[in-house]
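So the chains spell out like this:
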Amino acid sequence: MSNFFPKWANWLPLQLLVCGLVIGAPITLGIWYYFTPKYTRVGYQPDQPVPFSHSLHVKQLGMDCRYCHSFVEVAGHSNLPATQTCINCHGQGRILPNSPRLAAVRDSWETGQPIPWVQIHRLPDYAYFNHAVHVNRGVSCYSCHGAVNEMSVVYEAESLSMKWCLDCHRAPENFLRPPSEIFNMNWHPASSSEQRELGTKFKEEWKINPPVSCGGCHH
Amino acid sequence: MVRYFLFLLVLITILIVSIAGLRDYSFLPHKTKRPPIEIFPDMVRQAKVKAQSPSDFYADGRGARSHVDGTVPVGYSAPESSAQASEGVATMGSPYNVVIFSGKQDYADTGKVGTNWGNGLPFNATMATLERGRERYQIQCAVCHGATGGGNGIATKYGLVGVASFNQQRIREMNDGEIYNTIVNGKNSMLGYGSVIQVPDRWAIVAYIRALQRSQNATINDVPATERTALTGTNASASTIAPAKQ
């Protein structure tokens, strides 16, 4: 019988395998890294109709989140402020009444049409979420929205994936804070062991028991 | 050949990482203006209106409707049941579970007795009322009126003029009901806060403003005898403490 295959063909399967690995591994890695909410959502920072800066209003002026997001403690939905909230300060004869950057605010005040803010954080409609239950039970805005007081334009700082919710629901002691510091973006525990100690104390005192079964969030 | 191939692979990886950025937002942050892609959006975006979202159902495209005459918004107590408001007031100090607004016409809701401004709170103030009032005051009022009510909040440093000081004689002598009404409906150049502050909280703020006024015009006689030595200890000759400078 003649040699049907040339000699180099002996190496072909191995070569194919190595080639496959060398090309396949980066593709897998790429998908693992780039195709999850940690990448696709974090950093979403749309253009807003008004260049409103949290860093100016919260950090520099020292305003409380609840001046604008006024129902976050009592409602599931954290409201965006009505136009009047801005007009309190930016109306005629007040602060920067003629600034072109506030034109959309003035238009809205005159026409009664809302300012078309672009929603950034947005869960799927099949997942149930409630702000009040979190904020009243020792979870700070900071844990879910990041350092909003440093943002001149808000972006999504956390992935809001199901794993992310569950990471906290399984171990809330890593995040719980004293009730007085919920709205304080500058409060940070000295170390992670101090956080756990404090968190464990609150968890027991307040009987914190976040849902981890499907029905808790999908109903 | 292999060398070229590996070179190309490294090049492509570097290219992708430098264009796409890293997940970490402190180093090589990834910021995008494009909304996240939703591949099968059928269940993700259901045909329901969520709070403050747009809706095609109405001509003006707004999911949130403004008040229609003759209806009672969710969270408001119905006009006829007057027992409810006092019930809401009685549970003050405990964590709020319901938003308490009301369209009723009694003293607790209007600050008026007949056609005149009434005086006094419509419920008994406790220390918890004052604490609540302090918290709400600092959220809603302190940016303009200042932490002690001197009319010197941070917004006045940026060009807001004419903010009233609570320490002036006229406002110290003003009836509680009139201050309550200013919170709800505003006055002159101040707009109203009735849509964001619940009824019991408005009264708690009035109580706290009274405490501020008292504190800014206090004499040594207002200090309990047991605390007095602590204050006068360093300067025994001082018989009165001057009102703090605004």
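Everything numeric here is computed off the predicted structure, so don't read it as measured data. (Residues numbered from 1 in each chain as written. Chains lettered and ligands numbered in written order. Predicted model: local features only at pLDDT ≥ 70, side-chain atom pairs only at ≥ 80, totals over all residues. Heavy atoms only, no water.)

1. Some remarks on the overall build of chain A
Along the backbone of chain A there are 11 helices and 0 strands. Listing the helices and strands of chain A from first to last along the sequence gives α-α-α-α-α-α-α-α-α-α-α. Taking 219 residues into account, the globule formula puts the C-alpha radius of gyration at 17 Å, and chain A, at 25 Å, lies well above it. By residue count, 40% of the 219 residues in chain A fall in the buried class. Split by element, the accessible area of chain A, about 13000 Å² in all, is 62% carbon and sulfur. Across chain A, the 17 positively charged side chains and the 16 negatively charged ones have centroids separated by 6 Å. (Helix = DSSP H or I, 4+ residues; strand = E, 2+ residues; numbered from the N terminus. Rg over C-alpha atoms; globule rule 2.2 N^0.38 Å. Buried < 20%, exposed > 50% of the residue type's maximum accessible area, 1.4 Å probe, protein only. Areas by Shrake-Rupley, 256 points an atom, 1.4 Å probe, with all protein chains shown as cover. Lys, Arg positive; Asp, Glu negative; His and termini not counted. Charge placed at Lys NZ, Arg CZ, Asp CG, Glu CD.)

2. As for the overall build of chain B
For chain B, the count of helices and strands is 9 helices and 6 strands. Burial analysis of chain B (246 residues in total) assigns 34% to the buried set. Of all intrachain contacts in chain B linking residues separated by at least 6 positions in sequence, the fraction that spans at least 24 positions is 53%. Summed over its atoms, the accessible surface of chain B is roughly 15600 Å², and 60% of this surface lies on carbon and sulfur atoms. (Contact = heavy atoms within 4.5 Å.)

3. Focus: the side chain of B:Ser55
Residues and elements named next belong to chain B. With respect to the helices and strands, the residue Ser55 is situated in the loop between helix H1 (2–20) and strand E1 (76–77). Residue Ser55 is classed as buried on the basis of its relative accessible area of 8%. Polar side-chain contacts of Ser55 include one of 3.1 Å to the backbone nitrogen of Phe57. Leaving out residues up to four positions away in the same chain, Ser55 has contacts with Val49, Gly61, Arg62 and Gly63. (Polar contact = N/O pair within 3.5 Å; in protein donor to acceptor, adjacent residues only side chain to side chain.)

4. Description of the packing of helix H1 (residues 12–34) of chain A against H1(B)
At a closest axis distance of 11 Å, the pairing of H1(A) and H1(B) adopts a crossing angle of 5°. By the angle between their axes, H1(A) is roughly parallel relative to H1(B). Across from A:Val22, A:Ile23, A:Pro26 and A:Tyr34 in H1(A), the residues of H1(B) making contact are B:Phe5, B:Leu6, B:Leu9, B:Ile16, B:Val17 and B:Ala20. Considered class by class, the residues forming the contact of H1(A) with H1(B) number 10 nonpolar, no polar and no charged. (Axes fitted to C-alpha atoms, helices over the stretch in contact; angles between N-to-C directions. Parallel < 35°, antiparallel > 145°, perpendicular 65-115°, else oblique. Nonpolar A, V, L, I, M, F, W, Y, C, P; charged D, E, K, R; others polar.)

5. Details of the confidence of the model for chain B
Residues and elements named next belong to chain B. Per-residue pLDDT for chain B averages 81, and the proportion of residues at 70 or more is 83%. Element-level pLDDT for chain B is lowest in helix H2 (residues 83–90), with a mean of 41, against a maximum mean of 96 in helix H5 (residues 142–145). Throughout residues 236–246 the model reports pLDDT below 50, and contacts reaching past four residues in sequence, or to other chains, amount to 14 contacts. (pLDDT = per-residue confidence, 0-100.)

6. A look at the nonpolar core
One finds A:Tyr67, B:Tyr137, B:Trp203 and B:Ile205 to be the most contacted residues of the largest nonpolar core, which totals 35 residues. Of all the secondary-structure elements, those providing two or more residues to this core are helix H4 (65–68) of chain A together with helix H3 (107–110), helix H4 (127–140), H5, helix H7 (176–185) and helix H8 (199–216) of chain B. Top element by residues in this core is H8(B). It accounts for 7 residues. Apart from the residues lying within four places of it in its own chain, the contact partners of B:Tyr137 are B:Ala142, B:His145, B:Gly146, B:Ala147, B:Gly149, B:Phe166, B:Ile205, B:Tyr208, B:Ile209 and B:Leu212. (Core = buried A, V, L, I, M, F, W, Y, C linked by side-chain atoms within 4.5 Å.)

7. Looking at the pattern of salt bridges
Pairs can form between side chains of opposite charge once their charged atoms are near each other. In this structure the tally under the stated criterion is 19 salt bridges over all chains. A:Asp125 serves as the salt-bridge partner of B:Arg45, at 3.5 Å between the closest nitrogen and oxygen. With one member in each of two chains, B:Arg45 in the loop between H1 and E1 and A:Asp125 in the loop between helix H6 (103–111) and helix H7 (131–135) form a pair that bridges those chains. Put simply, B:Lys187 and B:Glu178 hold a salt bridge, and the shortest N to O gap is 3.1 Å. It is possible to trace a salt-bridge network through shared partners that takes in A:Asp64, A:Arg66, A:Glu73, B:Arg132, B:Glu135, B:Arg136 and B:Asp201. (Salt bridge = Lys/Arg side-chain N within 4 Å of Asp/Glu carboxyl O.)

8. Details of the domain arrangement of chain A
Once the domains are mapped, chain A shows domain 1 (11–40) and domain 2 (71–79 + 122–216). For domain 1 of chain A and domain 2 of chain A, the distance between their C-alpha centroids amounts to 36 Å. (Domains from an automatic or database assignment.)

9. A word on the interface of chain B and chain A
Contacts between the two partners involve 49 residues from chain B and, on the opposite side, 49 residues from chain A. Buried area between chain B and chain A, summed over both chains or domains, comes out near 4400 Å², and the portion from carbon and sulfur atoms is 56%. At the junction of chain B with chain A, the criterion picks out 5 salt bridges. Here B:Lys33 and A:Asp47 are joined by a salt bridge, their closest N and O atoms 3.2 Å apart. Inspection of the region where chain B meets chain A yields 22 residue pairs in polar contact (both at pLDDT 80 or more). Counting only elements with at least two residues in the side of chain B that touches chain A, the list comes to H1 and H4 of chain B. A total of 6 residues in the side of chain B that touches chain A trace back to one element, the largest contributor, which is H1(B). Of the residues assigned to the side of chain B that touches chain A, the class counts are 26 nonpolar, 12 polar and 11 charged. (Buried area = accessible area lost by both parts, 1.4 Å probe.)

10. Side note on a nonpolar patch on the surface
Residue and element names in this part refer to chain A. A contiguous nonpolar patch, built from Trp11, Leu14, Leu17, Val18 and Leu21 and spanning about 550 Å² of accessible area, is present on the exposed surface. Inspection of the secondary structure assignment puts Leu14 in helix H1. Residue class for Leu14 comes out partly exposed when judged on its relative accessible area of 45%. (Patch = residues over 30% accessible without salt bridge, like charges linked within 9 Å, V, L, I, M, F, W, Y side chains within 5 Å.)

11. Overview of unusual backbone geometry
With the exception of glycine, most residues fall at negative phi, and the peptide bonds are largely trans. Residues and elements named next belong to chain A. One non-glycine residue, Leu160, lies in the positive phi region at around 55°. Here Leu160 is to be found in the loop between helix H8 (141–145) and helix H9 (162–170). A positive phi is found at Lys207, a non-glycine position, where the angle reads about 55°.

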